[in-house]
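# Observations on the model geometry
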Amino acid sequence: SSMEVLATPPSLSPPVVLTQDELKKIAAYKAVEFVESGMVLGLGTGSTAKHAVDRIGELLRLGKLKNIVGIPTSKKTQEQALSLGIPLSDLNSHPTVDLAIDGADEVDPHLNLVKGRGGSLLREKMVEGACKKFVCIVDESKLVNHLGGSGLAMPVEIVPFCWEFTARKLQNTLEDSGCVAKLRNGAKGEPFVTDNGNYIVDLYLQKSMGDLRAASDAILRIAGVVEHGMFLDMATTVIVAGELGITIKNK
Ligand code: 5RP
């Protein structure tokens, strides 16, 4: 018998695999390229938006951006922005926001979003609803065919008063989608409390909601509901960072 000795192939450099956090940072830095001096900026919440806020702080410190006013979408982002020396204001004083940059939990092909896994959906919706431009930043794992399609929660902020009653109403309202409603818990098993003193009910859907606008209206008609995490027709741009590069989708 004989043994064939194969020539060793020329060494290839190993492929560079980026972590999810590195992809988030790439999307965030790309979005900050849209920021100009003098802008009123909506500052998002979450691990992706955090990179954008860090970058804005860095550019201010380097003098490459000037006269920025930040409108934070959560207490957490407010703290981060303050620590970076970003001047802050609110929607009372600045009812029109030039540009908001924020992450999302899901992005559908029409650029509709699910947000709020971090629990900041109400302030995010208020600030991003007041924006001329809303640039959403995600890594490619957030792309879905339809909202609710990731199997992850669709969050709804509700008042604490008789929350079980409201949770049941939510579940019944979306029963055609096989909805299961669960109260979100905090770290110690107590109910999670939002920046606004409310609770979050996470909706798990087995099927697509179909007409999203109708589902949105039905949810918002339930007394006890404050706001839900579907952001329909709000993002003007979505920046997706993936292993093969950056994709920019415009509405
Ligand atoms: C918080 C949000 C976040 O933008 C969303 O949960 C994405 O978070 P991350 O960037 O950490 O993946 O809506 O309410």
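Report on the accompanying structure. (Residues numbered from 1 in each chain as written. Predicted model: local features only at pLDDT ≥ 70, side-chain atom pairs only at ≥ 80, totals over all residues.)

## A look at the overall build of the chain
The criterion, for reference: Under the scheme used here, helices are H or I runs from DSSP no shorter than 4 residues and strands are E runs no shorter than 2 residues, and both carry numbers assigned from the N terminus.
Within the chain, the regular secondary structure consists of six helices and 13 strands. Overall, the chain is about 80 × 60 × 40 Å in size when its C-alpha atoms are taken along their principal axes.

## Quick look at the site of the ligand
Applied cut-off: Using the backbone to place each C-beta atom, any residue with that atom within 6 Å of a molecule or strand is considered near it. Polar here means any residue other than Ala, Val, Leu, Ile, Met, Phe, Trp, Tyr, Cys and Pro, which are nonpolar, and Asp, Glu, Lys and Arg, which are charged; Gly is therefore polar.
The local shell around the ligand holds 18 residues, among which Gly46, Thr48, Gly103, Lys115 and Gly118 are the closest. Elements with a contribution of two residues or more to the shell around the ligand: α2 (47-61) and α4 (121-129). Broken down by element, the shell around the ligand gets its largest block of residues, three residues, from α2. Residues belonging to the shell around the ligand are distributed by class as follows: three nonpolar, 10 polar and five charged.

## Brief notes about α4
The line we're drawing: Working definition of burial: number of other C-beta atoms within 10 Å of the residue's own, with buried at 20 or more, exposed at 12 or fewer, and partly exposed in between, all C-beta atoms being placed from the backbone.
Within α4, seven of the nine residues are buried, which leaves the element mostly enclosed by the surrounding structure. Those residues of α4 that sit buried are Leu121, Leu122, Arg123, Glu124, Lys125, Val127 and Glu128.

## Concerning the pairing of strand β1 (residues 40-43)
Spelled out, the test is: At least two bridges found by DSSP between two strands is the condition for calling them paired. The crossover handedness rule: strands pointing away from the viewer, path from first strand over the helix to second strand clockwise, crossover right-handed.
Of the two faces of β1, the one carrying Val40 and Gly42 and the one carrying Leu41 and Leu43 are both buried. Two elements, β1 and strand β2 (residues 69-72), share four bridges in a ladder whose sense is parallel. The residue bridging Val40 from the neighbouring strand is Val69, located in β2. Remark: the β1/α2/β2 crossover connection has right-handed handedness. In this sheet, strand β3 (residues 97-102) lies alongside β1 in parallel orientation, the contact comprising three bridges. Residue pairing across strands places Leu43 opposite Ile101, the latter belonging to β3.

## Some points on the sheet that holds strand β5 (residues 113-114)
One open sheet holds the three strands; their spatial order is β4-β5-β11, and the pairing between them is antiparallel. Of all the strands in the sheet, the pair left with one neighbour each is β4 (106-107) and β11 (230-231). Bridging between β5 and β11 involves two bridges; their strand directions are antiparallel. Residue pairing in the sheet places Leu113 in a bridge with Phe231 of β11.

## Observations concerning the packing of helix α1 (residues 20-32) against α2
Inclusion rule: Axis lines are fitted to C-alpha atoms, over the contacting stretch for helices. Their N-to-C directions set the angle, which ranges from 0 to 180 degrees. Every angle not falling under 35 degrees, over 145, or within 65 to 115 is termed oblique; those three ranges are roughly parallel, roughly antiparallel and roughly perpendicular. Definitions for this section: a left-handed crossing has its near helix turned counterclockwise from the far helix by less than a right angle. A right-handed crossing has that turn clockwise. Note that contacts rest on C-beta atoms placed from the backbone: two residues are in contact if these are within 7 Å.
Two elements in contact, α1 and α2, have axes whose closest approach is 8 Å; the angle formed by their N-to-C orientations is 45°. On the basis of the axis angle, α1 is oblique to α2. Helix-helix and strand crossings are classified by hand; for α1 and α2 the assignment is right-handed. Here Asp21, Lys24, Lys25, Ala27, Ala28, Tyr29, Ala31 and Val32 of α1 come into contact with α2, specifically with Ser47, Thr48, His51, Ala52, Arg55 and Ile56. A per-class count over the contact of α1 with α2 returns seven nonpolar, three polar and four charged.

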